Protein chains: 2
Amino acid sequence: MKEAPKSTAAAVNRLTDVLSRLPGIGPKSAQRLAYHLLKASEEQVRELSDALVAVKQKTRRCRVCCNIADGDLCLICGNPVRDRSRICVVEQPQDMLTLEHTGVYKGVYHVLHGNISPAEGVGSDDICIRELMARLDGSDVTEIILATNANVEGETTAMYLQRLISPLGVKVTRLARGLPFGGEIEYADDVTLSRAMENRQEF
Amino acid sequence: MKEAPKSTAAAVNRLTDVLSRLPGIGPKSAQRLAYHLLKASEEQVRELSDALVAVKQKTRRCRVCCNIADGDLCLICGNPVRDRSRICVVEQPQDMLTLEHTGVYKGVYHVLHGNISPAEGVGSDDICIRELMARLDGSDVTEIILATNANVEGETTAMYLQRLISPLGVKVTRLARGLPFGGEIEYADDVTLSRAMENRQEF
């Protein structure tokens, strides 16, 4: 990685440094951003700085589903129209947003804030599984949809949850595996193709 | 451009919004950054927020060369070892950093903070040309190296400066035009190749 040359002003170097530690921002883009902000109006910079502080101070986790919320309940748990008999379990708040964007799901969510990853020392107690189980206790939930990622950690987390929830008599489903929309068989990887074959659906 | 789905917390949406207005940051990376900062420690976020405010409040323009500086003079103008008989004129502070990175130049700089661009309504009075001329007045500068960009605005600015400075009896040079290092003739564009031919050097 080519390091960006140091500026002649300490404050610019410091901002470049802090920015380059953010995900997806390399030293060159950090420098570009720093000089952009240096040229921006005091008001614009203040706006960004305030938004940064507010994101930590003015958000909390929804009391029901652990999603990011402004108050006690997130917008979805606070919406009386949502179907409370189905819970879709996701790893991150962003996953929920992407699912919401499709508009196909009308139930509620549960955000785990991570996945079980023995390699990174993250166990079942480190993510919001306890909150999910407490939520199921004595509830009339009929289906849990596991919408974890289709990678090793996501599958591990889904399997763990399936074993934990099935004995409660709640139906546990997960997102279908198969060819993505527009996917060409010639370029599909082995695992995707094997799963698409195993889970083939009646036409 | 696909818009990122809205979060369920207002503070996250606001930060995403502000971040997506920065150069090179689209709605998806803005969302990713916002959630990253939401998870980051309060201290890390405060550090970024402070660095942002400091970059506006703790920097000024060097009294001599208009470069970004911590105090009255930038690090280069404050360095007694630099050769003050040559001034390299650049459009942006970043250009100076990139030139410094090569280590070949030992003179001082002058930062214009822009270029002459009639299309964008930027004239010669809007960039730091007056400061450059004041600097030359009665000085023992022997060479001005025009290191503006090799595009229309950069060339316009260089031509304007050349006409302004030449009558003072100061030698005016500019960065060589030609094939870039590693450049293959087969893939060179017409303008680069024509200039490389016109400016051919004795071997």
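Residues numbered from 1 in each chain as written. Chains lettered and ligands numbered in written order. Predicted model: local features only at pLDDT ≥ 70, side-chain atom pairs only at ≥ 80, totals over all residues. Heavy atoms only, no water.

Considering all chains together, one arrives at 3 cavities of 30 Å³ or more under this definition. Within this model, the largest cavity holds a volume of roughly 80 Å³. Across the lining of the largest cavity, the residue classes break down as 14 nonpolar, no polar and no charged. (1 Å grid on protein atoms, 1.4 Å probe; cavity = no way out; pocket = protein on both sides within 12 Å on 5 of 7 lines; lining within 4 Å. Points joined across faces, edges and corners; volume = space filled by probe spheres on them. Nonpolar A, V, L, I, M, F, W, Y, C, P; charged D, E, K, R; others polar.)

Right, let's talk about the relation of the copies chain B and chain A for a bit. For the match of chain B to chain A, the screw axis carries a shift of 0.0 Å, the RMSD comes to 0.1 Å, and the turn is 180°. Expressed as a symmetry operation, the mapping of one chain copy onto the other fits a two-fold axis. For chain B, the residue whose C-alpha comes nearest the rotation axis is B:Ser49, separated from it by 2.3 Å. A shared interface surface links the copies, since 100% of the contact residues of chain B are contact residues in chain A too. (Least-squares fit on C-alpha atoms with pLDDT ≥ 70 in both. Contact = heavy atoms within 4.5 Å.)

On to the UniProt feature "domain: Toprim" (unreviewed entry) in chain A. Residues annotated in UniProt with the feature "domain: Toprim" (unreviewed entry) correspond here to residues 85-180 of chain A. Between the end C-alpha atoms of residues 85-180 of chain A there is a gap of 28 Å, over a span that is 33% helix and 21% strand. (UniProt positions renumbered as here; feature names shortened; annotations may be inferred. Helix = DSSP H or I, 4+ residues; strand = E, 2+ residues; numbered from the N terminus.)

So, about the pattern of salt bridges. What the rule picks out here adds up to 17 salt bridges over all chains. A salt bridge links A:Asp17 to A:Arg21, with the shortest nitrogen-to-oxygen separation between them at 4.0 Å. Look at A:Asp17 and you get partly exposed, because its relative accessible area is 36%. In this structure, the salt-bridge partner of B:Arg63 is B:Asp72, at a minimum N-O distance of 2.9 Å. Under the relative-accessibility criterion, B:Arg63 is labelled exposed at 57%. Bridged by salt links that share partners, the residues A:Glu155, A:Arg174, A:Arg177 and A:Arg195 form one connected network. (Salt bridge = Lys/Arg side-chain N within 4 Å of Asp/Glu carboxyl O. Buried < 20%, exposed > 50% of the residue type's maximum accessible area, 1.4 Å probe, protein only.)

Packing of helix α2 (residues 27-39) of chain A against helix α4 (residues 93-102) of chain B leaves a shortest axis separation of 10 Å and a crossing angle of 145°. On α4(B), the residues touching A:Lys28, A:Gln31 and A:Tyr35 of α2(A) are B:Pro93, B:Gln94, B:Leu97 and B:Thr98. (Axes fitted to C-alpha atoms, helices over the stretch in contact; angles between N-to-C directions.)

Another aspect to go through is the sheet that holds strand β6 (residues 171-174) of chain B. All names here are of chain B. Reading across from one edge, β4-β3-β5-β6 is the order of the 4 strands in this open sheet, with parallel pairing throughout. Each edge of the open sheet is held by one strand with a lone partner, namely β4 (107-111) and β6. Geometrically, the sheet is characterised by an average inter-axis angle of 30° between neighbouring strands, direction not taken into account. One ladder, built from 5 bridges, connects strand β3 (residues 83-90) with strand β5 (residues 143-147); its direction is parallel. Residue Arg86 lies in a different strand from β5, and its bridge partner there is Glu143. Sheet strands in contact with helix α6 (residues 152-165) are β3, β5 and β6, and its direction is about 165° off that of β5. (Pairing = 2+ DSSP bridges.)

Let us look at the domain arrangement of chain A. We note that the domain assignment places domain 1 (10-57) and domain 2 (79-202) within chain A. Computed from C-alpha coordinates alone, the two centres of domain 1 of chain A and domain 2 of chain A are separated by 35 Å. (Domains from an automatic or database assignment.)

Residue-level contacts link 61 residues of chain B with 61 residues of chain A. Counting the surface lost from both chain B and chain A, the interface buries some 5400 Å², and carbon and sulfur atoms represent 67% of this. By the criterion of area lost to chain A, the three top residues of chain B are B:Thr8, B:Leu52 and B:Lys56, representing 13% of everything that side buries. One salt bridge in this structure joins A:Glu47 and B:Arg21, with 3.5 Å as the shortest N-O distance. Inspection of the chain B/chain A interface yields 11 residue pairs in polar contact (both at pLDDT 80 or more). (Buried area = accessible area lost by both parts, 1.4 Å probe. Polar contact = N/O pair within 3.5 Å; in protein donor to acceptor, adjacent residues only side chain to side chain.)

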